[in-house]
Amino acid sequence: MTTQDPPQPVVVGVYYDFASSLCFMAHRIMDRLAPELSEQGVSLSWQPLDLTALTDWRRGDPIRGARRQRILQVSRDLDVTVTAPRHWMDSRAAMLVALELAESEHEPAWREAVFSRVYEDGACLD
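Here the structure is a predicted model, which means the values were calculated and not measured. (Residues numbered from 1 in each chain as written. Predicted model: local features only at pLDDT ≥ 70, side-chain atom pairs only at ≥ 80, totals over all residues. Heavy atoms only, no water.)

### Quick notes on the side chain of Ser20
Then comes step 1: Note on placement: Ser20 falls in the loop between β1 (10-16) and α1 (21-39).
Then comes step 2: A relative accessible area of 6% means that Ser20 is categorised as buried.
Then comes step 3: If we ignore the near neighbours within four places in the chain, the residues touching Ser20 are Leu51, Trp88, Phe115 and Tyr119. (Helix = DSSP H or I, 4+ residues; strand = E, 2+ residues; numbered from the N terminus. Buried < 20%, exposed > 50% of the residue type's maximum accessible area, 1.4 Å probe, protein only. Contact = heavy atoms within 4.5 Å.)

Printed below as a string of structure tokens:
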């Protein structure tokens, strides 16, 4: 009889910016999938990232028209209720805290609190 070593856990990096409503929606979807992922030996490593460094979005840019409609459509498609912001917020202060908390037991609670406050309660990070 041979014994097999248990499979090694798989860690998947998930990059996010508190200024992004799509990142909020991904956060909610990953919450829904957490039990299944855990069952499969997959854990998520949440990594803050300033999307203004990678995209054409700039702090203060208005979110209206087709861009706003796309956010609301994705929200409906994913069944994630979101309060869409009026502009691309300055998330640097909240992201700095997230960086300090990375890999700590407090990081998930911080991420949840900020995302909920902004995209469910309609608060502004600025």
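Having seen it, we continue.
### Quick look at the pattern of salt bridges
Then comes step 1: Applying the stated rule across the entire model yields eight salt bridges.
Then comes step 2: We note a salt bridge from Arg67 to Asp56, for which the minimum N-O separation is 3.6 Å. With Arg67 in helix α2 (residues 65-78) and Asp56 in the loop between β2 (42-48) and α2, the pair connects residues that are 11 residues apart, well separated along the chain.
Then comes step 3: Salt-bridge contacts for Arg111 lead to Glu107; the nearest nitrogen and oxygen are separated by 2.7 Å. Of this pair, Arg111 and Glu107 are both found in helix α4 (residues 107-119), four residues apart, which corresponds to roughly one turn of the helix. (Salt bridge = Lys/Arg side-chain N within 4 Å of Asp/Glu carboxyl O.)

### Thoughts on the pairing of β2
Then comes step 1: Inspection of the sheet shows β1 paired to β2 by seven bridges, in the parallel sense. Its bridge partner being in β2, Tyr16 is matched across the sheet by Pro48.
Then comes step 2: Tracing the backbone out of β1, into α1 and back to the parallel element β2 gives a crossover that is right-handed. (Pairing = 2+ DSSP bridges. Right-handed = clockwise from strand over helix to strand, strands pointing away.)

### Structural notes on the packing of helix α3 (residues 92-101) against α4
Then comes step 1: Across the interface, α3 lies against α4 with an axial gap of 9 Å and an inter-helix angle of 165°. Relative to α4, the element α3 is oriented roughly antiparallel. The crossing of α3 and α4 is left-handed. Residues Ala94, Val97, Ala98 and Leu101 of α3 pack against Glu107, Trp110 and Val114 of α4.
Then comes step 2: Residues of the contact of α3 with α4, tallied by class, amount to six nonpolar, no polar and one charged. (Axes fitted to C-alpha atoms, helices over the stretch in contact; angles between N-to-C directions. Parallel < 35°, antiparallel > 145°, perpendicular 65-115°, else oblique. Left-handed = near helix turned anticlockwise from the far one by under 90°. Nonpolar A, V, L, I, M, F, W, Y, C, P; charged D, E, K, R; others polar.)

### Some points on the nonpolar core
Then comes step 1: Of all hydrophobic cores here, the largest spans 25 residues; its most connected members are Tyr16, Phe18, Phe24, Ile71, Phe115 and Tyr119.
Then comes step 2: Excluding anything up to four places from it in sequence, Tyr16 contacts Cys23, Trp46, Gln47, Pro48, Leu49, Met95, Ala98, Glu107, Arg111 and Phe115. (Core = buried A, V, L, I, M, F, W, Y, C linked by side-chain atoms within 4.5 Å.)

### A closer look at unusual backbone geometry
Then comes step 1: The backbone of Asp79 sits at a positive phi, close to 55°, despite the residue not being glycine.
Then comes step 2: Checked against the element boundaries, Asp79 lands in the loop between α2 and α3.
Then comes step 3: One non-glycine residue with positive phi stands out, namely Glu103, at about 70°.
Then comes step 4: Within the secondary structure layout, Glu103 lies in the loop between α3 and α4.
Then comes step 5: With a relative accessible area of 68%, Glu103 lands in the exposed category.

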